[in-house]
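These are the residues of each chain, in order.
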Amino acid sequence: MDPSRATYLEPTQEAGRELFTRGITGPVVMLNLLRFRDIADYSASPDLASPEPISGAEAYRLYSRHTLPFLLEAGGEVIFDGAGGPAFIGPSTERWDRVLLVRHASLEIFRSFASNPGYLAGIGHRLAALEDSRLLPMIDHTRPSRA
């Protein structure tokens, strides 16, 4: 595959290993950059598909509605949810439809949230919705670290 056309929807094992060995303590904020498909692709999870085709944005709305209770139960919070667009600084061909900032109390709590079977039951909506994505874990310097 042409690396300039690579898409990223799920973390690799190497990326997960690197994240959890960085020694991050305390809160972490996840920057989510999301590009939606025109029409959601439920081929990997047909059991979640609507009877009629829906947009990627609508599939992501279903994912968000499913996910929010699990996020809140784990103590997480959405601190920003907004529309994206073309980059001001960056490739002129790159655009992100939606941008989210999600705060988690710690990486351990994030891992627990992300592996919750109830949460995972709806992950197919996310995969159906997205054409491409980025997830950048950031150390939150605005809040004191809890060791």
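Located above this text is the structure these notes cover.
Residues numbered from 1 in each chain as written. Predicted model: local features only at pLDDT ≥ 70, side-chain atom pairs only at ≥ 80, totals over all residues. Heavy atoms only, no water.

Asks: What is the right way to look at the pattern of salt bridges in this model?
Replies: This model, assessed by the stated rule, comprises seven salt bridges. The salt bridge involving Arg-103 is made with Glu-77; its shortest N-O contact spans 3.0 Å. Of the two residues, Arg-103 is situated in strand S3 (residues 95–104) and Glu-77 in strand S2 (residues 77–86); the sequence distance between them amounts to 26 residues. For Arg-98, the salt bridge goes to Asp-81, with nearest N and O atoms at 2.6 Å. Here Asp-81 lies in strand S2 and Arg-98 lies in strand S3, a separation of 17 residues in the sequence. (Salt bridge = Lys/Arg side-chain N within 4 Å of Asp/Glu carboxyl O. Helix = DSSP H or I, 4+ residues; strand = E, 2+ residues; numbered from the N terminus.)

Asks: Explanation requested: the side chain of His-125 in the structure shown.
Replies: Structurally, His-125 can be placed in helix H5 (residues 123–129). Leaving out residues up to four positions away in the same chain, His-125 has contacts with Tyr-42, Leu-48, Ala-59, Leu-62 and Tyr-63. (Contact = heavy atoms within 4.5 Å.)

Asks: Just checking my understanding: could you explain the nonpolar core for this structure?
Replies: One broad trend across soluble globular proteins is that nonpolar side chains are buried collectively. Core analysis: the largest hydrophobic core is formed by 23 residues, its most contacted members being Tyr-42 and Tyr-60. Of all the elements in the fold, those that place two or more residues in this core are strand S1 (28–36), helix H2 (56–73), S3, helix H3 (107–114) and H5. Of the residues forming this core, the biggest block, five residues, is contributed by H2. In contact with Tyr-42, other than residues within four places in its own chain, are Leu-48, Ala-49, Ile-54, Ala-59, Leu-62, Gly-124, His-125 and Ala-128. (Core = buried A, V, L, I, M, F, W, Y, C linked by side-chain atoms within 4.5 Å. Buried < 20%, exposed > 50% of the residue type's maximum accessible area, 1.4 Å probe, protein only.)

Asks: Would you mind showing me how to read the environment of Ala-114 here?
Replies: Following the sequence through the fold, Ala-114 ends up in helix H3. The spacing of Ala-114 and Arg-134 is 20 residues in sequence and 16 Å in space, taken between C-alpha atoms. Those residues in contact with Ala-114 that lie beyond four places of it in its chain are Tyr-119 and Leu-120.

Asks: Help me out: how do you make sense of the sheet that holds strand S4 (residues 130–139) in this one?
Replies: Two pairing modes exist for strands in a sheet, parallel and antiparallel, and in both the strands are linked by backbone hydrogen bonds. Spatial strand order, S2-S3-S1-S4: four strands in an open sheet with antiparallel pairing. Strand pairing shows two members of the sheet lacking a second neighbour, S2 and S4, which therefore form its edges. Taken pair by pair, the neighbouring strands of this sheet meet at an average axis angle of 15°, ignoring direction. Judged from the seven bridges that link them, S1 and S3 form a sheet pairing that is antiparallel. Along S3, the bridge assignment pairs Val-28 with His-104. (Pairing = 2+ DSSP bridges. Axes fitted to C-alpha atoms, helices over the stretch in contact; angles between N-to-C directions.)

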